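Observations on the three-dimensional arrangement
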Amino acid sequence: MNNMNSADVVVIGGGICGSLLARKLAMAGSTVLMLESGPRVGRAELVERYRHSAFKSDFMAPYPFSEMAPHPTFTPEANKYIEQTGPHAFQAQYIRMLGGTSWHWAAQMWRYLPGDFRTQSLYGVGKDWPISYEDLEPYYYEAEVIAGVGGSPDTGSPRSKPFPMERVPASYFQQRVTDRLAPTFSVLDDCTARNSSSFDGRPACCGNNNCMPVCPIDAQYHGGISATSAEQAGVKIITEAVVYSFEHDASGAIVAANYYDWNKLSHRVTGKTFVIAANAIESAKLLLMSTSDKFPNGLANSTGNVGRNLCDHPAIGVTFDMDEPVWPGRGPVSPCSIGQFRDGAFRSEHAAFRIDISNASQVASVTKELIGEGVYGVKLEGAIRDRAARRVSIKNALEQLPDPNNRVTLGKYKDALGLPVPSIFWNVDDYVLKGTEETRKRYDQIAKQLGATNIKHSKAGAFSNRQHITGTLSMGKDAATSVTDPFGRAHDHPNLYMVGTGVMPTVGTCNVTLTAVALALRTADKILSEARHG
């Protein structure tokens, strides 16, 4: 066992949250060591890997899989890294690599609504957060400035300052759908970290329509950029470092983290403060693995809350063909949304939701559909052009209430390093099902207004994951019902903090990355304040 590394702050996880927290700490003078379980891979290699992949619809295709730091994959078949024990499969698609899962996102950086922090008080459902929108607002802006975020100013989230980035111009597709749906439906530009002009040494979006799984020119922000900026600020980064346990003293303070390199050699690192910044599933798994005589059920888990209240946005979709060619496939893949169903008194009865209107190219899916219908030859070429020009694809982000039965535990199988895989139980309740019914009604209204034919709803009772994973490390004022305090500090350990989407008590109706980053920046300030005051 080697003992060569020590720092003021040790950060476990090199994704967007861990990297930006580490960067802020290093810029303030702290020594910071960041451990990432996966490899370091550059954008050019990722683009090349995707170019040569046979599975263009698989957003995990460019990202290298390793037996030493495995992540879930589902194409060409599921690798079963996650043990599924619930009635609904939780098909998480996260990346264990420097930069994390925001490598393959659509760069959506929405703020929560003020009401999202108070659903129990306002509507009698879910949980109230231990902090308010106002507490987080300055950190929202701090994160937006770093990433270069633009969007519609009227999303329902109050702003003290305007967006730092102008919006990417709307495509023809977006303009036509917006005009045709008004005034019944208000279509808003998504809030995105995508350059409309050169920013931070990166070019403006040129409409490759390849935001997911990887922007080929780095016009959109991602965790790889965050990790680079952390390193430039002085953070020491060790990749291929799989943390498997922590050591603590008699008081419960963390004194060291142990990790395996990919040769399964064990290393020990020490520090004054430790931050767990892996994703919501892997962070919970790490805490549950770290048992001791004092903490037989794992760290931060004296009240049994680690891994519980797992949430995502259960999604349903619809496709149809408009009565005019609108040519989706030019510009960002996810440019606009309908947000008028995100909040209201109805939340006491059914799930709120946001409706995402996709601008992704429909050529591949339409071609597969037509071949299945037996169309071929010259007719096939013309039919692809006609149908792909008119095809509209829509999905939603349904609010899911925190349920302690939805949870991450340790699986019975082990990976190549001998570490347990995650086991997940996930279900959806009547609150979501009622929200699904309301969504389908809106889908039918939208289809009618756009003169739709060939309408196809997703299968009833089936949900896809939006990869907006929250809740497994929920923050709160009461240790009996939460894992961390309002700053992400573990109730059980005075120098152990957690950042990432897992600390978020509720999932709301929007993409969760901006809120997680804002919380991480707020946690960084808390760590710095604690250091200044001894």
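Calculation notes
- Residues numbered from 1 in each chain as written.
- Predicted model: local features only at pLDDT ≥ 70, side-chain atom pairs only at ≥ 80, totals over all residues.
- Heavy atoms only, no water.
- Helix = DSSP H or I, 4+ residues; strand = E, 2+ residues; numbered from the N terminus.
- Expected span 1.5 Å × (residues − 1).
- Buried < 20%, exposed > 50% of the residue type's maximum accessible area, 1.4 Å probe, protein only.
- 1 Å grid on protein atoms, 1.4 Å probe; cavity = no way out; pocket = protein on both sides within 12 Å on 5 of 7 lines; lining within 4 Å.
- Points joined across faces, edges and corners; volume = space filled by probe spheres on them.
- Nonpolar A, V, L, I, M, F, W, Y, C, P; charged D, E, K, R; others polar.
- Pairing = 2+ DSSP bridges.
- Phe/Tyr/Trp six-rings, centres within 6.5 Å; stacked < 30°, edge-to-face > 60°.
- Lys NZ or Arg CZ within 6 Å of the ring centre and 35° of its normal.

**Section: helix 1 (residues 16–27)**
Under the 1.5 Å per step criterion, the end-to-end length of helix 1 is 16 Å for 12 residues, consistent within 8% with the ideal 16 Å. With 10 of 12 residues buried, helix 1 lies mostly within the body of the structure. Turning to helix 1, its buried residues are I16, C17, G18, S19, L20, L21, A22, K24, L25 and A26. Just downstream of helix 1, G29 is the residue with a positive phi angle, here 110°.

**Considering the layout of surface pockets**
In this structure, the second largest pocket encloses a volume near 260 Å³. K272, T273, I527, E530 and A531 are, among the 14 residues lining the second largest pocket, the residues nearest its centre. Those elements giving two or more residues to the lining of the second largest pocket turn out to be strand 1 (2–12), strand 8 (266–276) and helix 11 (513–532). Per-element accounting of the lining of the second largest pocket gives the leading share, four residues, to helix 11. Here the lining of the second largest pocket is composed, by residue class, of six nonpolar, four polar and four charged.

**Details of the sheet that holds strand 14 (residues 420–425)**
Within the open sheet, the three strands sit side by side as 3-14-13. Their pairing is mixed. Either end of the sheet is taken by a strand with one partner, and the two such strands are strand 3 (83–84) and strand 13 (407–414). When strand 3 meets strand 14, the two strands line up parallel, connected through two bridges. Residue Q84 lies in a different strand from strand 14, and its bridge partner there is I424.

**Describing the packing of aromatic side chains**
In total, this model carries 10 aromatic pairs according to the counting rule given. Consider the rings of Y244 and Y260, whose centres lie 4.1 Å apart with planes at 15°: the pair is stacked. A residue pair is termed long-range when its members are at least 10 positions apart, and Y244 in strand 6 (residues 242–248) and Y260 in strand 7 (residues 254–260) qualify at 16 residues. Each member of the pair, Y244 as well as Y260, carries the same accessibility label: buried. Put simply, the rings of Y112, F117, W129, Y133 and Y140 pair up and form one aromatic cluster. The positively charged end of K56 is found above the aromatic ring belonging to Y50, 5.5 Å away from the centroid. Taking the ring centre of W110 as reference, the NZ or CZ of R354 above it sits at 4.8 Å.

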